Amino acid sequence: MSKAFQVTFDCADPGALAGFWAEALGYEFDAPPPGFDTWDAALDAWGVPADQRNSASAVHDPDGTGQRLYFQQVPEGKAAKNRLHLDVRAAPGLEGEQRMAALDAECERLVALGAKQLKRNAPAPPMSQGFIIMADPEGNEFCLD
């Protein structure tokens, strides 16, 4: 039997990083708990101080097919290369110049949202059809594939 899972990011600013990934993937922020119109209303009711309200955030695929992403605040910054990364499928089914054009366009969109392009790998058949290595606003590496 398969198990459901979520991907968790340790980060400095959960709300901002969740917002980046929501825009990057077409995801939505999780709704507040039942009985509350907003997260602020829930946090008020639970007595969470204003300075602790950005300790976590989460986004999900509105279609229900992608994994939930959870963002938790940690005191330390990112110190080394990720041992695990996301491959964002920005050009499925495309090859050659069409593929790289689609990846370049997505790269530009994500850079405008705060990401950084780290390296562009042109196609090298048969092993690679080309991809772009990126970093999100907090430096977490991911690939446009």
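Residues numbered from 1 in each chain as written. Predicted model: local features only at pLDDT ≥ 70, side-chain atom pairs only at ≥ 80, totals over all residues. Heavy atoms only, no water.

Section: the overall build of the protein
Next up, step 1: A tally of regular secondary structure across the protein gives three helices and eight strands.
Next up, step 2: Secondary structure elements in the protein, listed N-terminal to C-terminal, are β-α-β-α-β-β-β-α-β-β-β.
Next up, step 3: Here the C-alpha coordinates of the protein stretch approximately 55 × 35 × 35 Å along the principal axes.
Next up, step 4: Considering the protein as a whole, with its 145 residues, one finds that 30% of them fall into the buried category.
Next up, step 5: The long-range fraction of contacts in the protein, counting pairs at least 24 apart against all pairs at least 6 apart in sequence, stands at 59%.
Next up, step 6: Within the structure as shown, the protein displays about 9,100 Å² of accessible surface, and the carbon and sulfur contribution to it stands at 54%.
Next up, step 7: The average position of the 12 basic charges and that of the 22 acidic charges among the side chains of the protein differ by 9 Å. (Helix = DSSP H or I, 4+ residues; strand = E, 2+ residues; numbered from the N terminus. Buried < 20%, exposed > 50% of the residue type's maximum accessible area, 1.4 Å probe, protein only. Contact = heavy atoms within 4.5 Å. Areas by Shrake-Rupley, 256 points an atom, 1.4 Å probe, with all protein chains shown as cover. Lys, Arg positive; Asp, Glu negative; His and termini not counted. Charge placed at Lys NZ, Arg CZ, Asp CG, Glu CD.)

Structural notes on the packing of helix H1 (residues 14-25) against helix H3 (residues 96-112)
Next up, step 1: Direction vectors running N to C along H1 and H3 enclose 155 degrees, while the axes themselves pass 10 Å from each other. In terms of axis orientation, H1 runs roughly antiparallel to H3. Handedness of the crossing formed by H1 with H3: right-handed. Each of Phe-20, Glu-23 and Ala-24 in H1 lies in contact with H3, whose residues at this interface are Glu-106, Arg-109 and Leu-110. (Axes fitted to C-alpha atoms, helices over the stretch in contact; angles between N-to-C directions. Parallel < 35°, antiparallel > 145°, perpendicular 65-115°, else oblique. Left-handed = near helix turned anticlockwise from the far one by under 90°.)

As for H3
Next up, step 1: Taking 1.5 Å per residue, 17 residues should reach 24 Å; H3 reaches 25 Å between its end C-alpha atoms and fits that length.
Next up, step 2: Of all the residues in H3, the buried ones are Arg-99, Met-100, Leu-103, Glu-106, Cys-107 and Leu-110. One side of H3 carries all its buried residues, which in axial view fall inside an arc of 125 degrees. Residues of H3 that are exposed and angled more than 90 degrees away from the buried face: Glu-97, Gln-98, Glu-108 and Ala-112.
Next up, step 3: Considering only its buried residues, H3 is in contact with H1, strand E6 (116-121), strand E7 (131-135) and strand E8 (141-144). (Expected span 1.5 Å × (residues − 1). Arc of directions from axis to C-beta.)

Points about the sheet that holds strand E4 (residues 68-73)
Next up, step 1: If you trace the four strands from one edge of the open sheet to the other, you get E1-E4-E3-E2, paired in mixed fashion. Unpaired on one side and paired on the other, strand E1 (6-11) and strand E2 (28-29) mark the two borders of the sheet.
Next up, step 2: Helix-sheet contacts for H1 involve E1, E2, strand E3 (56-60) and E4, and the interaxial angle to E4 is about 160 degrees. (Pairing = 2+ DSSP bridges.)

A few points about the pattern of salt bridges
Next up, step 1: One pass over the structure, following the stated rule, counts eight salt bridges.
Next up, step 2: Note that Asp-40 and Arg-53 form a salt bridge whose closest N and O atoms lie 3.5 Å from each other. Taken as a pair, Asp-40 in helix H2 (residues 39-45) and Arg-53 in the loop between H2 and E3 lie far apart in primary sequence, 13 residues in all.
Next up, step 3: A residue is classified by how much of its surface remains accessible, and Asp-40, at 46% relative accessible area, is partly exposed.
Next up, step 4: Since its relative accessible area comes to 24%, Arg-53 is described here as partly exposed.
Next up, step 5: Of the charged contacts, one joins Glu-141 and Lys-78 as a salt bridge, the two residues approaching to 3.3 Å between their closest N and O atoms. With a gap of 63 residues between them, Glu-141 in strand E8 and Lys-78 in the loop between E4 and strand E5 (86-88) connect regions that are remote in the sequence.
Next up, step 6: Given a relative accessible area of 17%, Glu-141 falls into the buried group.
Next up, step 7: According to the relative accessible area criterion, Lys-78 is partly exposed, its value standing at 37%.
Next up, step 8: It is possible to trace a salt-bridge network through shared partners that takes in Asp-40, Asp-44 and Arg-53. (Salt bridge = Lys/Arg side-chain N within 4 Å of Asp/Glu carboxyl O.)

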